[in-house]
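# Inside the fold
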Amino acid sequence: MLVMGTNRWESDIPKDMLTMQALKFGEDVKSQGIAELQHFLLANEQKLLWCTWETDDLPALEAAFTVMNQQSGLISELTPVEDMYTK
C-alpha cells in the first residue's frame, strides 16, 4: 500500500538537518522491514515535509512515526493514498 506522510513543525530547523533526518529515518524504517521511502518533498519555509511510503504494515509505520515525532518534535499524519481519492 502507498501511504502519504505529512509532517510539520513549529520552530526553525535547518534544511540540511531535516533532509539528513528524513533520509536516516527512511533507512531505519527500511532496514526494519516496515516500509520503503518512495519520495519526499521539503518546503522548509512553510515548515512542511511530504513523503510517500510503500508498506504492507501501516500500524508498524505509524508506530515508527510516533517514536520519531517524540524524538524530533515533528507532527505527522499518515494517510493511505487510496483514502485520499475516496474523500
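Residues numbered from 1 in each chain as written. Predicted model: local features only at pLDDT ≥ 70, side-chain atom pairs only at ≥ 80, totals over all residues. Heavy atoms only, no water.

## So, the pattern of salt bridges
Close approach of charged atoms allows side chains with opposite charge to pair. Throughout the structure, instances matching the rule amount to four salt bridges. Salt-bridge contacts for Glu10 lead to Arg8; the nearest nitrogen and oxygen are separated by 3.8 Å. Taking relative accessible area as the criterion, Glu10 reaches 60% and is therefore assigned exposed. (Salt bridge = Lys/Arg side-chain N within 4 Å of Asp/Glu carboxyl O. Buried < 20%, exposed > 50% of the residue type's maximum accessible area, 1.4 Å probe, protein only.)

## A few points about the sheet that holds strand β3 (residues 48-55)
Judged by pairing direction, the sheet is antiparallel, and its four strands sit side by side in the order β2-β3-β1-β4 without closing on themselves. Two strands close off the open sheet at either side, each with one partner strand: β2 (35-43) and β4 (75-80). Strand-to-strand, the axes of this sheet are offset by a mean angle of 20 degrees, without reference to chain direction. Taken together, the seven bridges between strand β1 (residues 2-8) and β3 define a ladder with antiparallel strand orientation. Residue pairing across strands places Arg8 opposite Leu48, the latter belonging to β3. (Pairing = 2+ DSSP bridges. Helix = DSSP H or I, 4+ residues; strand = E, 2+ residues; numbered from the N terminus. Axes fitted to C-alpha atoms, helices over the stretch in contact; angles between N-to-C directions.)

## As for the packing of aromatic side chains
Going through the model one piece at a time under the given rule, you end up with three aromatic pairs. Residues Phe25 and Phe65 carry aromatic rings whose centres are separated by 5.0 Å and whose planes lie at 75 degrees to one another, so their mutual orientation is edge-to-face. On the criterion of sequence distance, the pair formed by Phe25 in helix α1 (residues 15-31) and Phe65 in helix α2 (residues 58-72) is long-range, its members being 40 residues apart. Of the two residues, Phe25 and Phe65, both sit in the buried class. When the centroid spacing of 5.8 Å and the interplanar angle of 90 degrees are considered together, the rings of Trp53 and Phe65 count as edge-to-face. Here Trp53, found in strand β3, pairs with Phe65, found in helix α2; they are twelve residues apart in sequence, far enough to count as distant. Judged by its relative accessible area of 2%, Trp53 is buried. On the accessibility criterion, Phe65 (3% relative accessible area) is buried. Taken together, the ring pairs in this structure connect Phe25, Trp53 and Phe65 into an aromatic cluster. (Phe/Tyr/Trp six-rings, centres within 6.5 Å; stacked < 30°, edge-to-face > 60°.)

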